[in-house]
Amino acid sequence: MAPPPGFGAVLETPEVSALRRRLHGRVLEVVSRMPRPLAEDVAALLGRHGRTRTADQGDLFVLFPAPVWSFLHWVPAARHPDAERLHAAALLLHLWDDHLTDGQLRPDLAALQLRTELWRCLEQDAAALSAAWGADPVLVARHTERYLGATHAPPTPVDLDSYCATAREQAALWTLLPRLLETGGRAAAGWSSLVADFAVAWRLVDDAADVRHDAVAGVRSAVWWELPAAGRARWDERARRPGGDDASGYVLEDAQQEGSEDAGCAEAVGGVLARAAALLAAAADRAAAAGEEGVATELLTARAGVLTSAPRPW
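Every chain is numbered on its own, with residues counted from 1 as its sequence reads. Under the rules for a predicted model, residues below a pLDDT of 70 receive no local features and side-chain atom pairs below 80 are neither given nor counted, while totals for whole chains, interfaces and linings still include all residues. The basis for the side-chain values is all heavy atoms of the structure; hydrogens and waters are excluded.

## Concerning the confidence of the model for the protein
Worth spelling out the cut-off: A residue's pLDDT is the confidence the predictor assigns to it, expressed on a 0 to 100 scale. In this description, contact between two residues means that some pair of their heavy atoms is separated by no more than 4.5 Å.
For the protein, the average pLDDT comes to 89, and 88% of its residues sit at 70 or higher. Low pLDDT, under 50, characterises residues 249-261; the stretch is placed with 34 contacts to residues that sit more than four places away or in other chains.

Quick look at the structure:
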């Protein structure tokens, strides 16, 4: 079976790898503010995420592809403890909320207390950086409202464009630091849109990779929105079957029969990946035009993995 769609693996420089591990350390700084019994449980939980061979306390941010975090390396002003801690908290909050909502995390006192501490950290560090840089102080509340509105009560999409617009809003915490850098004159304009475009591309690639699960669960992902009407109806019908845990109708390796619903699903997956590749290409072009060759290379490398996924026989 072919591997699921994904990004190309970015070859990290030693400095970028050090940043990734340092971000995990910033999260542990937040954890250290928790009462000891809760902190020990949370630290152990976080230590089990990501690679642990090279970091005995964990390597959480290996779960997040560059450049959604590595842009801090390419913006000199972002190489600051408060900036690193702020962005680490923003990334983890999104993951934590997602896992609390879908049941992957048990909502016990330790998990909920970490969420509280992450929010407190995000607000305090953002306020400190806003004051130090002369950035727009309203940004924290604005980005928080966008994130919570899009995750707690997202609008019902009407097409793939509106689906992607919601994904962009759900990444509002990830674009907070770039906007502070931009409005504070510490980075050129464009970094926030680059991170947002990458976040949307990540959602699309994830949806393409999760097509079997989503088809069975009845999740109206980006692939659903790319399907023709008959394919959408079949997707919805499959989810209504009692005990429906069989995704055989969406076995993509066998989707070579023209006109079959399988072939329609394969075409939809290809369309979703093509959209992700286009977002990454446009972001890479803007980065290159701004002279940011490091992050442009990361974006093109990520795109190469998507392109490798897209044309193969599903």
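On we go from here.
## With respect to the pattern of salt bridges
Opposite charge on two side chains permits them to pair, given that their charged atoms come into close proximity. Under the convention used in this document: For salt bridges, the criterion is a side-chain nitrogen of Lys or Arg within 4 Å of an Asp or Glu carboxyl oxygen. Residue exposure (1.4 Å probe, protein chains only): buried if accessible area is under 20% of the type maximum, exposed if over 50%, otherwise partly exposed.
All told, the structure shown has 18 salt bridges when counted by the stated rule. Where Glu12 meets Arg20, a salt bridge forms, and the shortest distance between an N and an O atom there is 2.4 Å. Assessed through its relative accessible area of 26%, Glu12 is described here as partly exposed. The class of Arg20 is buried, set by a relative accessible area of 2%.

## Details of the side chain of Asp236
Under the convention used in this document: To qualify as a helix, a DSSP run of H or I must reach at least 4 residues; to qualify as a strand, a run of E must reach at least 2; elements of each kind are numbered from the N terminus. In protein, a polar contact means a hydrogen-donor-capable atom and an acceptor-capable atom, both N or O and within 3.5 Å, with residues adjacent in sequence counting only if both atoms are side-chain atoms; elsewhere, any N or O pair within 3.5 Å suffices.
Mapped onto the elements, Asp236 comes out in helix α12 (residues 229-239). Here Arg220 takes part through its side chain, which lies 2.8 Å from a polar atom of the side chain of Asp236. Once residues lying within four places of it in the same chain are set aside, the contact partners of Asp236 are Arg220 and Trp224.

## With respect to the environment of Arg179
Note on placement: Arg179 falls in helix α8 (residues 176-183). Counting along the chain gives 39 residues from Arg179 to Val140, while the straight-line C-alpha distance between them is 9.7 Å. In contact with Arg179, not counting residues within four places along its chain, are Leu139, His143 and Ser192.

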